[in-house]
Amino acid sequence: MAGYVDKVGQDIARWEARGLVTSALATQLRDDVAANHGKGIGFGQVLAVMAALLMAAAILILIAANWEAIPRLGRVGALFAVIAGGYLGGAVLKLRDHGALAEAVWLVSAAAFGGGIALIGQMYHLSGDETQAILVWCVGTALAAALLRSPILAAASVALSAAWVAWPVFSFSLDVNPWYPLLLAALWAVAVWTRSLPARHLILLSLIGHFTFLYMDTDQLLIPAAMALVSAAAFVAAVRGGEVVDRLAGLGDGLAADALIGFLVGMFTLQFVFADSVPMFSLLAAVTFAAIAGALVIGGKAGRKVRWLAYLGFAVEISFVYIATVGTMLGTAGFFLLAAIGLGVLAFVIIRVERRMAAPAATQGAA
């Protein structure tokens, strides 16, 4: 965040030197940037969160180790002391303006809550499987996030929801839960309430993963096709929607990046299905190339995430086309020749379009 503040400060100084803004307005702009973006995450705060994660791992491993030497009441009491002490201690730290440390302590308490679920089930041999325990852990963490308005706990609850829905996959069983989007909708409300940007990104990525697994479970081609179309519409809305979409999503250029990921995953899935059908595969590849070029033209200026994802998608698409077509439609040399010609034409078109788009902007700036 410090880099952003420095960049904006340089821009404000340049505008002031050129007479585009008054000295009073330049001062107000600097004060606003400092007030809203000046508090970055320091190295010590990062270390505190990492320490909390290690502490959480230690608690969970300790639970799994079966503390046979410690009485049951002592084990349960120790865990509840960690949970209560962590939440109360974090609240005190929050009130004393130690937000990052408070989040770290709350994270340890959330881990202790999950460990408590496992410990009670372990001691009393309660019926049920791991997915039910993870769901209870997720809901409890989400409630704590909402009550404490904790962005990290909100992100942790989304991660737990992903573990809950993906657990059957890890157990070599594609039993996709159709109710998962409803849980994500509830977690989205928690993410908005806690102003957790990572949680919102994780929710969108979890939706992409969910529908991908759902296609693998059902073989319904409508699922990746709909995911590609909805993602394309979300990308256009993120780039062209302005303040309305940004206010609703609260993700900035991150929404465009997540939408581009969803589009690419959907299109790559369709191309994998139609790899043996030359006409359909060629059509899908052409649409993907055109969409990547369009993303660079209309959304490339929105942020580096979109540009790098577009470049990565282009590289993957080139590799996919090469693997699927060499030896069938085209020889190796012919493929690279046509690819070079296509890239040259595409670069020429993009350059011309960008120049036409930049000309009106320059004219308005001069006016």
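Residues numbered from 1 in each chain as written. Predicted model: local features only at pLDDT ≥ 70, side-chain atom pairs only at ≥ 80, totals over all residues. Heavy atoms only, no water.

Asker: Teacher, can you tell me more about the overall build of the protein here?
Answerer: Helix and strand counts for the protein come out as 15 helices and zero strands. Of the contacts made within the protein by residues no fewer than 6 positions apart, 64% connect residues no fewer than 24 positions apart. Accessible surface, the protein as shown: approximately 21000 Å² in total, 71% of it carbon and sulfur. (Helix = DSSP H or I, 4+ residues; strand = E, 2+ residues; numbered from the N terminus. Contact = heavy atoms within 4.5 Å. Areas by Shrake-Rupley, 256 points an atom, 1.4 Å probe, with all protein chains shown as cover.)

Asker: Looking at this structure, I do not really get unusual backbone geometry. What am I missing?
Answerer: Of all residues except glycine, most have a negative phi; of all peptide bonds, most are trans. The backbone phi angle of R149 is positive, close to 55°, even though this residue is not glycine. Take R149: it is sitting in the loop between α6 (130-148) and α7 (151-170). The class of R149 is partly exposed, set by a relative accessible area of 36%. Positive phi outside glycine occurs at R195, with the angle close to 60°. (Buried < 20%, exposed > 50% of the residue type's maximum accessible area, 1.4 Å probe, protein only.)

Asker: What should I look at first to understand the packing of aromatic side chains in this one?
Answerer: For any pair of aromatic rings, the description consists of the separation of the ring centres together with the inter-plane angle of the planes. By the definition in use, this model includes four aromatic pairs. Relative to Y311, the ring of W308 lies with its centre 5.8 Å away and its plane at 90°, an arrangement referred to as edge-to-face. You can see W308 and its partner Y311 sitting in helix α14 (residues 304-325), three residues apart, about one turn around the helix. (Phe/Tyr/Trp six-rings, centres within 6.5 Å; stacked < 30°, edge-to-face > 60°.)

Asker: What am I meant to see in the packing of helix α8 (residues 180-194) against helix α9 (residues 197-218) here?
Answerer: The packing of two helices is summarised by the inter-axis angle and the distance between the axes. At a closest axis distance of 9 Å, the pairing of α8 and α9 adopts a crossing angle of 170°. Judged on the interaxial angle alone, α9 and α8 are roughly antiparallel. Between α8, through Y180, P181, L184, L187, W188 and A191, and α9, the contact on the second element is made entirely by A199, R200, I203, L204, S206, L207, H210 and F211. Classifying every residue of the contact of α8 with α9 gives 11 nonpolar, two polar and one charged. (Axes fitted to C-alpha atoms, helices over the stretch in contact; angles between N-to-C directions. Parallel < 35°, antiparallel > 145°, perpendicular 65-115°, else oblique. Nonpolar A, V, L, I, M, F, W, Y, C, P; charged D, E, K, R; others polar.)

Asker: Just checking my understanding: could you explain a nonpolar patch on the surface for this structure?
Answerer: A contiguous nonpolar surface patch, about 270 Å² in accessible area, is contributed by L221, F272 and V273. Turning to its location among the elements, L221 is positioned in the loop between α9 and α10 (222-240). (Patch = residues over 30% accessible without salt bridge, like charges linked within 9 Å, V, L, I, M, F, W, Y side chains within 5 Å. Salt bridge = Lys/Arg side-chain N within 4 Å of Asp/Glu carboxyl O.)

Asker: For this particular structure, what's the right way to read the side chain of S157?
Answerer: On the secondary structure map, S157 appears in helix α7. Here the side chain of S157 touches A154 through a polar contact of 2.6 Å, landing on its backbone oxygen. For S157, the contacting residues outside a window of four places in its chain are C138, T141, A142 and L187. (Polar contact = N/O pair within 3.5 Å; in protein donor to acceptor, adjacent residues only side chain to side chain.)

Asker: Which parts of the structure should I look at to understand the environment of L251?
Answerer: Relative to the assigned elements, L251 resides in the loop between α11 (243-249) and α12 (253-273). Among residues more than four places away in sequence, those in contact with L251 are W188, L197, R200, H201, L204, D246 and D258.

Asker: Could you clarify how one ought to interpret the nonpolar core in this entry?
Answerer: What tends to happen in soluble globular proteins is that the nonpolar side chains get buried as a cluster. The biggest cluster of nonpolar side chains holds 32 residues, and the ones touching the most others in it are Y87, L153 and L187. If you list the elements that add at least two residues to this core, you get α4 (72-95), α5 (99-124), α6, α7, α8 and α9. Element by element, the count of residues in this core is highest for α7, at eight residues. Ranked by size, the runner-up nonpolar core spans 27 residues in total, among them F268, F281, I292 and V306. (Core = buried A, V, L, I, M, F, W, Y, C linked by side-chain atoms within 4.5 Å.)

Asker: What is the right way to read the confidence of the model for the protein from this model?
Answerer: Where the model shows low pLDDT, its predicted coordinates should not be examined in detail. Mean pLDDT over the protein works out to 77, with 71% of the residues at or above the 70 mark. The element-level mean pLDDT for the protein is lowest in helix α15 (residues 332-366), coming to 62, with α8 highest at 92. (pLDDT = per-residue confidence, 0-100.)

Asker: Help me out: how do you make sense of the packing of α6 against α8 in this one?
Answerer: Interaxial distance between α6 and α8 falls to 9 Å at its minimum, and their mutual angle equals 25°. Regarding the angle of α6 to α8, the classification is roughly parallel. Judged by the twist between their axes, the crossing of α6 over α8 is left-handed. Two secondary-structure elements touch here, α6 through L135, C138, A142, A145 and A146 and α8 through L183, L187, V190, W193 and T194. (Left-handed = near helix turned anticlockwise from the far one by under 90°.)

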